[in-house]
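# Fold and contact review
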Amino acid sequence: MIDKKTFRLMALASAAPLILPLPAIAQSGAGAPDEIIVEGLRLPTRATETGSSVSVITAEDIELRGYAFTIDALASAPGVTVNQNGAFGGVASVRIRGAGSDQTLVLLDGVAIGDPSAVGGGFNFSTLDTADIERIEVLKGPQSTLWGSDAIGGVVNIITKRPEAGLGGTLFAEGGSFGTFRGGAAVKGGGDIGDFRVSVNGVTTDGISKADENDGNTERDSYDGLTIAGRGGLNLPADFRLETSFLRVEGDAEIDGFPPPNFSLADSADRSESTQYTGSATLITPVIADILENRFTVGYTDIKRTNISSGFNTVNRGDRLLLRYQGNATFNEYARAAFGAEREEATANDEETSIDGYFGVLEIKPVGSLTVTGGVRHDDHSRFGGETTARAAVAYAVSENFILRGSWGEGFKAPTIFQLTSTFGALPPNSDLQPETSEAFDVGVDLAAANDRVHASVTYFNRDTENLITFAPNGRYENIAATEAQGVEAAVDIAITDAITASVDYAYIDATDATTGERQIRVPRHSGDFALSYEGAGPFSGTVVVRYNGDETEGPFGSDVEEWVRVDLAGSYAINDSIDLYARVENLFDEEYQQISGYGTPGLSAYGGVRLSF
């Protein structure tokens, strides 16, 4: 029997031959970078011309690796750390390059979906299924010039599946370990008048104990989730177009709490129920053909969370209203711009805030191989005042196979409604809270082999964050903390044959408290994936993924989390053009590990299902 330490060394050693011959590393799953268009930069841009570090996860990547939940797909991006309070419905958060989980702005089809009623206003990824996702873009580093508040550490831009021409649909159903069943259906169509796609997906499972069963917790915690999604468009006269998108997600999870008399994490009858609705409508109006396009957007997000503990219900409700105008101007093949204004109004538990933003982004190509992008934005918050941020990026193609890039940016995060209105002592809430701010840069190089079978890149980054809002000993929130982070992201994709591809990514993140020098909690210094995928001309395709997560600190309130390695398998078999059988095995070697101190994770488990298309 191979012990865990030996297995870790064997798994990492298996990837070494793929890394050592290469001078640099590329983004995981990127494919040919010049074929990728990044939409989250306001101006849709080829990945090779962004100047920024961006990871793109496509629906094809998700299907090939068998990811059922968005949180698992995000974990595959270099520099991204995920943490979950127990599998199947436990609160799931995302950190980019060591920034706080509430410092990641999450967009769904261009609309922010963070929870205004949460302490830090972040987004809980635990309920978000992958069935309706077309692509996920992870923009690393401060992006407040593009997206305003909350984009202090980075942006996760989720784009749902678009309608297609003709009439068709899909069905899928799967079952497996822990009494799990997941299934869904979608219908789609399109023609001269317009297009649409509507889907329903659900999951139910008996789950595992949220509190680690190795600590004596044996009660399973179930989870039920339901997702209803849609996207469509109406083609209007004069080349106008109206586009709409909506998503409704419901989650009902049994959770474990801190029951008396020990008040430590253990089996309990607690549960969490949540309902989130997000919808948007955009009117696209070309003013001058191929030169100026106007986009008017209205977006709305409503979240209701109910926590049930010891028979008591705690209800939190929040909503966001977005009004946005964006103009896209193409002056010529060497210059284009995006500019606009937006207003966001947030409400949480009968308290309100608003923020007005004005932005401009300019991209120029002074020579064919050089792309320079710059932007500036000013935001006015109803309670703390104004904040101006700037951003710049450069990409220079030394040759078709050698690209140098770099970016610099500023970010800010406005105080949340909870932080502005809550106090737990004699002092009133702190009305003088200032926004958290950050400044960061990264530099990198992208390489490709002459035969286009190897794509590689490496990126160095550095970020300083100040005025962090922290719960102070006086019982209210204060600006008293700062953090700093630096590190390296590296990855490579190698087409070993026409059918076999190997991908390796690695991230080193040194994230510390700038005051004490202590490591930031829940950020591993070392992490990475190795994936070997097969997609041949025949009916079979499959992937093996080896994921490594280094040790993490929990600070003074929990035990440190040890390093771990997990191996997953996924495969599918196409019976014909309409029917696919698929299966996945998670945690093949039954690794015992934790993502957050005290919370358990599933052992060896297996799932299988069928997909139909018509």
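Definitions and limits used
Residues numbered from 1 in each chain as written. Predicted model: local features only at pLDDT ≥ 70, side-chain atom pairs only at ≥ 80, totals over all residues. Heavy atoms only, no water. Helix = DSSP H or I, 4+ residues; strand = E, 2+ residues; numbered from the N terminus. Rg over C-alpha atoms; globule rule 2.2 N^0.38 Å. Buried < 20%, exposed > 50% of the residue type's maximum accessible area, 1.4 Å probe, protein only. Pairing = 2+ DSSP bridges. Patch = residues over 30% accessible without salt bridge, like charges linked within 9 Å, V, L, I, M, F, W, Y side chains within 5 Å. Areas by Shrake-Rupley, 256 points an atom, 1.4 Å probe, with all protein chains shown as cover. Salt bridge = Lys/Arg side-chain N within 4 Å of Asp/Glu carboxyl O. Lys, Arg positive; Asp, Glu negative; His and termini not counted. Charge placed at Lys NZ, Arg CZ, Asp CG, Glu CD. pLDDT = per-residue confidence, 0-100. Contact = heavy atoms within 4.5 Å. Polar contact = N/O pair within 3.5 Å; in protein donor to acceptor, adjacent residues only side chain to side chain.

## Regarding the overall build of the protein chain
Assigned secondary structure in the protein chain consists of five helices and 31 strands. Its C-alpha atoms give the protein chain a radius of gyration of 24 Å, within 12% of the compact-globule value 25 Å for 614 residues. Dimensions of the protein chain, computed from C-alpha atoms along their principal axes, come out at roughly 70 × 65 × 50 Å. When burial is assessed residue by residue, the protein chain has 54% of its 614 residues classed as buried.

## Examining the sheet that holds strand β8 (residues 133-140)
Think of a sheet as strands paired side by side through backbone hydrogen bonds, with each pair either parallel or antiparallel. Reading across the sheet, the five strands line up as β3-β8-β9-β6-β7 and stay open at both edges, with mixed pairing between neighbours. In this open sheet, the two edge strands, each paired with only one partner strand, are β3 (54-58) and β7 (111-112).

## Quick look at a negative patch on the surface
Together, E439, D464, E466 and E484 make up a negatively charged patch on the protein surface. Examined against the element boundaries, E439 turns out to sit in strand β23 (residues 436-448). On the basis of relative accessible area, E439 is assigned to the partly exposed category, the value being 43%.

## Description of the confidence of the model for the protein chain
The predicted coordinates of low-pLDDT regions are not to be read in fine detail. On average, the protein chain scores 91 in pLDDT, and the residues at 70 or more come to 94%. The low-confidence segment residues 1-31 (pLDDT under 50) makes 71 contacts with residues lying over four places distant or belonging to another chain.

## Some points on the environment of R584
Of note, R584 is situated in strand β30 (residues 579-586). Look at R584 and you get buried, because its relative accessible area is 8%. Setting aside chain neighbours within four positions, we find R584 in contact with G66, A68, E174, L569, A570, S605, A606 and Y607. In terms of polar contacts, R584 uses its side chain to reach the side chain of E174, at 2.9 Å. A distance of 3.1 Å separates polar atoms of two side chains, one belonging to R584 and the other to E586.

## Section: the side chain of R65
Along the chain, R65 falls in helix α2 (residues 59-65). No salt bridge is formed by the buried R65; its nearest oppositely charged neighbour, D529, is found at 4.2 Å. A distance of 3.3 Å separates the side chain of R65 from the side chain of Y67, its partner in a polar contact.

## Points about the pairing of strand β19 (residues 351-367)
The pairing of strand β18 (residues 335-348) with β19 spans 14 bridges and is antiparallel. By the bridge assignment, A341 is partnered in β19 with Y358. Counted between consecutive antiparallel strands, the loop separating β18 from β19 contains two residues, among which N349 sits at a positive phi close to 50 degrees. In terms of strand pairing, β19 meets strand β20 (residues 370-381) through 11 bridges, oriented antiparallel. Bridge pairing in β20 places Y358 opposite H378.

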